[in-house]
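If you want the building blocks of each chain, they are given just below.
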Amino acid sequence: MEDDFVGDWTEINSNIEIARCSYGDMLHDTERNNLYYKALVLAIKKIHSEGKKANVLDIGTGTGLLSMMAATIGADTITACEGCVPMAACARKVIKENNLESKIKVVPKHSTDLKVGPEGDMPQRANILVTEVFDSDFIGDGAISTFKHAHKELLEKDCIVIPCSGRVYAQVVESTLARRWNKLDAVSISNGTQIEMTQTLENCPGSMSVHDLQLSRLDQRSYKTILPPKVVFEFDWSGKEPIVESRRTRVEGGAVTAGVANAVLMWWDLSMNAACDMRLSCAPAWLQPAGDLSPWRDHWIQEIYHLPRCLAVAQNQPVALLTCHDEYSFWFGFHSAERIVDDLPQPMCTCNLHYVCSRQRLGELNDPHRKLKYNAVLKKKVKSNSVVLASGDCSLMGLVAAKLGAEMVYCYENQKLAIPVYEDLIAHNKLDGKVKIVSTQQELDEIIGKVNLCINEPFFRTSKLPWENIRFRTEGSCSNVIPCSASIQGVVVQFEHLHKIRVPVDEVMGFKMTDYNEMIHNAILKADNPIEVHPLWEYKTKALSKPFTLFELNMCDTAPQKPEFFETSFELEVPGRIDAVVLWVDYMLDELTKISEGATRLIWPGDSVSWDIHGRQAVCFSRHRRTVNAKKGGTIKVKSTYLSNYLNMFFSYTDPEGDPVVLCSF
């Protein structure tokens, strides 16, 4: 039987696949687990009360948790399928560890590949389906096709499905922050001078790409409600109604406040049983009865959909929200109620910007505080004889320099889709002849000797980790550089919840997970990057130390040719659970002006950290197998090496009365 799982997988492929499963914060979701268990109890009891055997199909079994629940409740036959081959092997080991291998058959296939019959994967159709095939987008993981196929090929006609239904909610809002994640704003310079956006950019409906985030962490002052939460779709997974791949709904109401609607907040809930008295809600905390005490999830979070057309409305004005879905995605339109819309096409980017610029980068480009700092420094640096080389993904600083009177500006951009965006902006702002796009190394070599000011805005699509955005002066280029220096910063932290994605799962609902922990831990050590990048503003963080500087780097110099070393130790000033070291980069635009990709205000031990909402910080989780509850006075030791954007770090903790514990290294 073990040969079933070998296939074409190499050891490294298997390790990567398993490592990506992480420790599954889903397994830490107690509410989810309890609701699935209660629903299985009712379903198996009902089937048995009808004098029939309970034949369970578990689609996407993962660790085998739901199948093991069914086995202990009393299901007669259980087939657990899992399309991820290494995960299927893991499920088999976990099931064996819990002595349930005789009751559960694990099949390493996608459900759409299962065969029913004496020689098939299932001897007969199932009369109970239990599954979790949902993502934050609800249908983005293929829930529609999965349920549709299961009812047609794998299930009895009057089967019980867990969950049996779901609802999708939408709330229409006006949000300046959401707009900044979707549209480029004009860049004000001085005396009414600005970089104006083109009509192509203004009229672009945006992108279909999913924008998921923890709405519970979003400041409610950052938006105002135009249309309160409404159910826009109901999905019946039970099979009693046909499951269709595409639909459209229209929900009408009165605008609760005047404003310009530009975004839709979306989430969903599940009904675990036909009576609809057991619901699992993914609504943000401010809509949950328990408020901030409601269950935390990172596997199912909320989403923002950017409306393809904004709509200015008056208070109490009748309005209509149009919602469409296909097999995998949703999209929205918002109109006055008297307008009849026959067709609502999927929004597709028509300006190229959304293909080359992430939500994070758009937010950063639109950040008013960041723009003010750059403008102030450029006003001091740009002269009438300045020949400027500007780089950084979709950076507008070269155009600002041209507006400030630079003699010539070269904008380096090697992404073909971005070049038309620049060309349109140059023409629209009447900068032809003052700004030239450079896209090849040969062109760079030809002009580098003429340049007397370099603006390297630190954001490059090829960079994954914060310090990979650091760009030093190249040999033969000028030493007048913005930013002029960078410092790699760190802080020891405790997370309220984020650590759960890496915390071992010893036991869930009474089931041992030793083999699961061991497989994932070993796979992570062999194949996974120990540094993860997260938008930490979404995750409540407590500082356990003061921030420390690993390296200070002069970007006016050429890149260091030899490794630089750093070593420090310090005592923790507050006790806490050591979850991670967070790393980021601070940049000095000149001697006085700093921009940070880390915190937006002073970090102090014991306080919550306020992270930059447009940034992503590097997180090195503690690799120790058990929680390290640090004491006040315990010693943190850090060793690090830096060379050409490669960073190594060793991080340990020593209890006042104990031996050192290696927490993480990379």
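Keep in mind that this is a model prediction, so the values were computed, not measured.

K.L.:
Explain the sheet that holds strand 20 (residues 453–456) to me, please; I cannot follow it from the model alone.
P.N.:
The strands that make up a sheet are held in pairs by hydrogen bonds between backbone atoms, and each pair lies either parallel or antiparallel. The sheet built from 5 strands is open, its strands ordered 19-18-17-20-21 with parallel pairing. On the outer flanks of this sheet lie strand 19 (435–438) and strand 21 (481–482), each paired with one strand and no other. When strand 17 (residues 387–391) meets strand 18 (residues 408–412), the two strands line up parallel, connected through 4 bridges. Along strand 18, the bridge assignment pairs Val388 with Val409.

K.L.:
What's the story with the confidence of the model for the chain in this structure? I'm lost.
P.N.:
Confidence in the prediction of the chain, expressed as mean pLDDT, is 91, and 95% of residues score 70 or more. Per-residue pLDDT stays below 50 along residues 1–9; that stretch engages in 14 contacts with residues further than four places along the chain or on separate chains.

K.L.:
Looking at this structure, how should I read the layout of surface pockets?
P.N.:
Each pocket or cavity is described by its volume, and for the second largest pocket that value is around 1,200 Å³. Lining of the second largest pocket is provided by 43 residues; of these, Ala599, Thr600, Ser610, Trp611 and Asp612 occupy positions nearest its centre. Looking at the lining of the second largest pocket, the elements with two or more residues in it are helix 6 (176–180), helix 10 (368–381), strand 22 (485–495), strand 30 (580–588) and strand 31 (594–596). For the lining of the second largest pocket, the per-class residue count stands at 18 nonpolar, 11 polar and 14 charged.

K.L.:
How should I be thinking about the domain arrangement of the chain in this particular structure?
P.N.:
Structurally, the chain comprises domain 1 (9–165), domain 2 (166–351), domain 3 (359–462) and domain 4 (485–496 + 540–665). Taken over C-alpha atoms, the centre of domain 1 sits 42 Å from the centre of domain 4.

K.L.:
Whenever I open this one, helix 3 (residues 65–73) confuses me. Can you help?
P.N.:
Along an α-helix, residues three or four positions apart point the same way, because every turn accommodates 3.6 residues. In terms of residue burial, helix 3 counts as a mostly covered element, since 7 of its 9 residues are buried. Three or more residues of helix 3 are buried, namely Leu65, Leu66, Ser67, Met68, Met69, Ala70 and Ala71. Gly74 sits one or two residues past helix 3 and shows a positive phi near 125°.

K.L.:
Would you take a moment to explain the packing of aromatic side chains for this structure?
P.N.:
Aromatic ring pairs are described here by two measures, namely the spacing of the ring centres and the angle between the planes. Here the structure, examined in full by the defined rule, presents 24 aromatic pairs. With centroids separated by 5.1 Å and ring planes inclined at 65°, the aromatic side chains of Trp268 and Trp300 adopt a geometry described as edge-to-face. With a gap of 32 residues between them, Trp268 in strand 12 (residues 259–271) and Trp300 in the loop between strand 13 (279–281) and strand 14 (302–313) connect regions that are remote in the sequence. Like Trp268, the residue Trp300 is buried in the burial classification. Connected via pairs of aromatic rings, a cluster forms that spans Phe134, Phe138, Phe147, Phe233, Phe235, Trp237, Trp268, Trp300 and Phe330. The ring of Phe235 has Arg247 lying over it, and the distance from NZ or CZ to the ring centre is 4.7 Å.

Calculation criteria
- Residues numbered from 1 in each chain as written.
- Predicted model: local features only at pLDDT ≥ 70, side-chain atom pairs only at ≥ 80, totals over all residues.
- Heavy atoms only, no water.
- Pairing = 2+ DSSP bridges.
- Helix = DSSP H or I, 4+ residues; strand = E, 2+ residues; numbered from the N terminus.
- pLDDT = per-residue confidence, 0-100.
- Contact = heavy atoms within 4.5 Å.
- 1 Å grid on protein atoms, 1.4 Å probe; cavity = no way out; pocket = protein on both sides within 12 Å on 5 of 7 lines; lining within 4 Å.
- Points joined across faces, edges and corners; volume = space filled by probe spheres on them.
- Nonpolar A, V, L, I, M, F, W, Y, C, P; charged D, E, K, R; others polar.
- Domains from an automatic or database assignment.
- Buried < 20%, exposed > 50% of the residue type's maximum accessible area, 1.4 Å probe, protein only.
- Phe/Tyr/Trp six-rings, centres within 6.5 Å; stacked < 30°, edge-to-face > 60°.
- Lys NZ or Arg CZ within 6 Å of the ring centre and 35° of its normal.

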